[in-house]
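Structural description and commentary
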Amino acid sequence: MGKPARVPSIDVLRGFVIALMALDHTRDYFGPAPFDPLDLAATTPLWFWTRWITHLCAPTFVLLAGCSAFLRGQSSGVPALARYLASRGLLLIALEATWISFSWQFAFNVVILQVLWALGCGMILLAALVWLPRPVIALVAALLILPHNLLDGWNSGSVAAMLLHQGGFYPLGPTHGIVIYYPLMPWLGLIAAGYALGPVMLWEPARRRRFLLGAGGLLLLTFVCLRAGNLYGDPDPWTAQGRGWMLDLMAFVRVHKYPPSLLYLCVTLGLGLPLLTLFERIRPPPMLALFGRTPMFFYCVHIALIHLLGIITIALLYRPPPSFVNGRLSFPPGYAPSLALVYLAWVLILLMMYGLTRLWCRRHQRS
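Position numbers for residues count from 1 along each chain, tracking the sequence in the order it is written. Given that the model is predicted, a residue must reach a pLDDT of at least 70 before its local features are reported, and side-chain atom pairs must reach 80 or more before they are shown or counted; all residues, however, enter totals for whole chains, interfaces and linings. By convention in this description, side-chain values take in all heavy atoms of the structure and omit both hydrogens and water.

Focus on the overall build of the chain
Only DSSP runs of H or I reaching four residues or more are called helices, and only runs of E reaching two or more are called strands; each is numbered from the N terminus. Per the secondary structure count, the chain includes 14 helices and five strands. Throughout, the radius of gyration refers to the C-alpha atoms, and the reference size of a globule is 2.2 Å times the residue count to the power 0.38. Against the compact-globule benchmark of 21 Å for 367 residues, the chain has a radius of gyration of 21 Å, which places it among compact chains. In terms of principal-axis extent, the alpha carbons of the chain reach across some 60 × 55 × 45 Å. For the chain, the proportion of contacts with a sequence separation of at least 24, taken over those separated by at least 6, is 75%. Only carbon and sulfur atoms are counted for the fraction: they give 68% of the accessible area of the chain, which is about 17,200 Å². Note on contacts: a residue pair qualifies if any of its non-hydrogen atoms lie within 4.5 Å across the two residues. Exposure was quantified through the Shrake-Rupley algorithm and a 1.4 Å probe, taking into account, for residues, occlusion by the shown protein chains and nothing else.

See below:
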C-alpha cells in the first residue's frame, strides 16, 4: 500500500484553525477576564470577535479529520483504515483524560473531555462505519446532526444525556469529577460527514472549488434563513440589541458551541469550506502547512506551554495574580485584561511552536 493521499489545502486549513485555536487558549491564560467575551451585556466588539472567530476551529478540524480518514483509506484499504481509526481513537481519548487534562490545570482535579475526546470517539465510530456504503454513512451523519436541537429540552442529568447531548459536570468526589464540554452526538455526525465528503477532495481542482464554494454558500444561506426567523437550530433566539448594527450582528451570530447547535455548525463550516478553496489559490505561510501536517504534536505541546508562560507573565505583571477562589476566578485590585498582551503573546507562541515543531520533525525524520 502507498502513503495516504494528501491534499495540501487540507493541511493548510488545518494549520490555520490550529493557529486560531492557539489564540483562544492564549486568551484564556494571558487575558483572563471577569466577563464572558460572548456576553453582549459585558463584552466589547474586539473581545467578542477574538473569541467568536475561534469557533471555526473545532468544526473544521473534526470535518477535516473525516476527510483525511477517507483519503487514507484510498491507499490503505478498509481493514487497515478501520484498525488505524480504532487505535488512534483510543489513543486520543487516553491523551485527553491524562496529559491534556493535566495541561489545562497542572493538576488532576477534573478530567476535561473536549476536542480530542470527541475526535477519538468519532474515529472509533468511523472504524465501524467505513465498512458501509458512503450514502449510508452520510445518512448516519445527517441523523446525528440535523435533529440534534430537538433534544434541547432534554435535561435528565443522567450520564448518558451528558455524554450524548447536553454536556456538564459529573462529580466523582468532593473535589474531583469529569467535565464534558464536547457531548458526542453532533461531533460524531460531523466526522462521519467529513468522511462522506472525502471523495470531493479527489475531484479535479476547478470542480472541487465550485462544489466547496457552493456548499459553503448554501450553509451560510441556511444559517441566515433559520436564524433570522428563529425557526430552528439554536436553543437561544436572537433579538436586536438596539445599540447599533455591530451589537445586532454580534447577537445574530452568537450561537451555541457547548453543545454545538446546528446553526453553529452551519455558520462555521459555511466559512470553513470556502477557506479550502482560498488556500488552493494562494501561497500560505509555511508555518500553517507545517502545523497542519503535525497536529498531534502541536496540540500536545501548546496548552502546557501557553499555561506555563501565562502564569509567569501574569504573575510578573500583577501581585497577586488572578487566582481561583472557591471555584471562581478572583482578580486583584487594578487588574485589567489586555487584548494587546493576548495578541502579542499569541504571535510569540506561534513562533515558538514553529521552531519546536521543526525541531521535532527533523528528529522524527532522522529516527
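Some remarks on the side chain of H165
Examined against the element boundaries, H165 turns out to sit in helix α7 (residues 159-166). A relative accessible area of 3% places H165 in the buried class. For H165, the side chain forms a polar contact with the main-chain oxygen of H148, separated by 3.4 Å. Think of it in three bands: with a 1.4 Å probe and only protein chains considered, a residue is buried below 20% of the maximum accessible area for its type, exposed above 50%, and partly exposed in between. The definition of a polar contact used here is a pair of N or O atoms within 3.5 Å, where within protein one atom must be able to donate a hydrogen and the other to accept one, and adjacent residues in sequence count solely through side-chain atom pairs.

Concerning the sheet that holds strand β3 (residues 177-180)
Spatial strand order, β1-β3-β2: three strands in an open sheet with mixed pairing. A strand with exactly one partner marks an edge of an open sheet, and here the two such strands are β1 (110-113) and β2 (168-171). When strand polarity is set aside, the average angle formed by the axes of neighbouring strands in this sheet is 15°. Only when DSSP finds a minimum of two bridges between them are two strands counted as paired. Note: β2 against β3, four bridges, orientation antiparallel. Bridging across to β3, P171 finds its partner in G177. In this description, a line fitted to the C-alpha atoms serves as the axis of each element, helices being fitted only across the stretch in contact, and the angle between N-to-C directions of two axes falls anywhere from 0 to 180 degrees.

Quick notes on the packing of aromatic side chains
Between rings of Phe, Tyr and Trp, where Trp is taken as its six-membered ring, a pair exists when centres lie within 6.5 Å; planes separated by under 30 degrees are stacked, by over 60 edge-to-face, and by other angles tilted. For the coordinates displayed, the defined rule picks out 20 aromatic pairs. Through a chain of ring-to-ring contacts, the aromatic side chains of W99, F102, F106 and F108 assemble into a single cluster. Geometrically, a charge over a ring is one whose NZ (Lys) or CZ (Arg) sits within 6 Å of the ring centre while staying within 35 degrees of the ring normal. R14 extends its terminal NZ or CZ atom over the ring of F61, reaching a point 6.0 Å from the ring centre.

What about helix α1 (residues 8-30)?
Residue count minus one, scaled by 1.5 Å, sets the expected span of a helix. Here α1 contains 23 residues, and its C-alpha end-to-end distance of 32 Å stays within 8% of the 33 Å for a straight helix at 1.5 Å per residue. Summarising burial for α1: 20 of the 23 residues are buried, a large majority.

Digging into the state of the cysteines
Two cysteine sulfur atoms form a disulfide, by the criterion used here, when they sit within 2.5 Å. By the definition in use, this model includes zero disulfides. With no disulfide of its own, C57 lies 17 Å from the sulfur of C300, the closest cysteine sulfur. The thiol of C121 is not disulfide-bonded; the next cysteine sulfur, from C300, is found 16 Å away. With relative accessibility at 13%, the residue C121 sits in the buried group.

Keep in mind these values describe shape, not function.
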